[in-house]
Amino acid sequence: MKKAIFPGSFDPITLGHYDIIKRGVSLFDEITIAIGINAEKKYMFPLEQRKRFIEAAFADEPKVKVITYEGLTIDLCKKEKAGFILRGLRNPADFEFEKAIAHTNRKLSKIETVFLLTASQTSYISSSIVRDVIRNGGDYSVLVPDSVKL
């Protein structure tokens, strides 16, 4: 069984994340969306709300499950018996950052990272942009799945 972990903070989940997960479902038998907990980070949405957003977005997809975790993603992969980490790439800066993490993860474990390019229509979307639009009262609904609409 090919299992992948799709880690992130998902504060909130965006249409870019959604697209990568939907496309990843055809590549893997199971995708675990893993919401990382970082005590150093200040989030806009509480952990449980972020988890509910994602669960609602994928309620009809049996190959997707949602969990929270602390620590190294490779340790979570071992615990979940996942052989892959799924990541989306929007631009060259993402690639350089993610490449370093993927090399480190492979050095520390046998976990492979699989990169999917974001769709052109969602490549400009990031959670930080969505948060900025929300903070400033803009229409963020075109940037997130329906489950995130407040």
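Preceding block: the structure.
Residues numbered from 1 in each chain as written. Predicted model: local features only at pLDDT ≥ 70, side-chain atom pairs only at ≥ 80, totals over all residues. Heavy atoms only, no water.

A.B. asks: So what exactly am I meant to see when it comes to the overall build of the chain here?
C.D. replies: When you go through the chain residue by residue, the secondary structure sums to 5 helices and 5 strands. Ordered by position from the N terminus, the helices and strands of the chain form the series β-α-β-α-β-α-β-α-β-α. Against the compact-globule benchmark of 15 Å for 150 residues, the chain has a radius of gyration of 15 Å, which places it among compact chains. With the C-alpha coordinates aligned to their principal axes, the bounding extent of the chain is approximately 45 × 35 × 30 Å. Here the chain, with 150 residues, has 47% of them falling under the buried criterion. Counting contacts in the chain only where the partners sit at least 6 residues apart, residues at least 24 apart contribute 76% of the total. Total accessible area on the chain stands at roughly 8,300 Å², and carbon and sulfur atoms take up 54% of it. (Helix = DSSP H or I, 4+ residues; strand = E, 2+ residues; numbered from the N terminus. Rg over C-alpha atoms; globule rule 2.2 N^0.38 Å. Buried < 20%, exposed > 50% of the residue type's maximum accessible area, 1.4 Å probe, protein only. Contact = heavy atoms within 4.5 Å. Areas by Shrake-Rupley, 256 points an atom, 1.4 Å probe, with all protein chains shown as cover.)

A.B. asks: Got a minute to help me understand the pairing of strand β4 (residues 84-89) in this structure?
C.D. replies: Along any regular strand, the residues point their side chains to alternate faces of the sheet. Burial runs high along β4: 5 of the 6 residues are buried. Strand direction decides the pairing type here: strand β1 (residues 3-8) and β4, joined by 2 bridges, are parallel. Directly across from Ile5, in β4, lies its bridge partner Ile85. Inspection of the sheet shows β4 paired to strand β5 (residues 112-117) by 6 bridges, in the parallel sense. Bridge assignment links Phe84 to a residue of β5, and that residue is Glu112. Traced from β4 through helix α4 (residues 92-108) to β5, the parallel crossover comes out right-handed. (Pairing = 2+ DSSP bridges. Right-handed = clockwise from strand over helix to strand, strands pointing away.)

A.B. asks: Please explain the sheet that holds strand β2 (residues 30-36) as it appears in this structure.
C.D. replies: Two strands in a sheet stick together by hydrogen bonds in their backbones, pointing the same way (parallel) or opposite ways (antiparallel). Strand order across the open sheet formed by 5 strands is β3-β2-β1-β4-β5, with parallel pairing between neighbours. Two strands lie at the open edges of the sheet, namely β3 (64-69) and β5, each paired on one side alone. Between one strand axis and the next, the sheet turns by 30° as a mean value, whatever way the strands run. Looking at chain direction, β2 and β3 are connected through 6 bridges and run parallel. Counterpart to Ala34 in the pairing with β3 is Ile67. Taken strand by strand, helix α1 (residues 15-24) contacts β1, β2, β3, β4 and β5, and its axis lies near 115° from that of β5. (Axes fitted to C-alpha atoms, helices over the stretch in contact; angles between N-to-C directions.)

A.B. asks: Help me out: how do you make sense of the pattern of salt bridges in this one?
C.D. replies: Oppositely charged side chains may form a pair once their charged atoms are brought near each other. Under the definition given, this model contains 10 salt bridges. Across the salt bridge formed by Glu80 and Lys65, the nearest N and O atoms sit 2.8 Å from each other. Here Glu80, found in helix α3 (residues 73-80), pairs with Lys65, found in strand β3; they are 15 residues apart in sequence, far enough to count as distant. By relative accessible area, Glu80 is classed as buried at 13%. Owing to a relative accessible area of 32%, Lys65 belongs among the partly exposed residues under this scheme. In this structure, Asp94 and Arg90 form a salt bridge, with 2.9 Å as the shortest nitrogen-oxygen distance. Exposure remark for Asp94: the relative accessible area of 15% places this residue in the buried category. What makes Arg90 partly exposed here is its relative accessible area of 33%. (Salt bridge = Lys/Arg side-chain N within 4 Å of Asp/Glu carboxyl O.)

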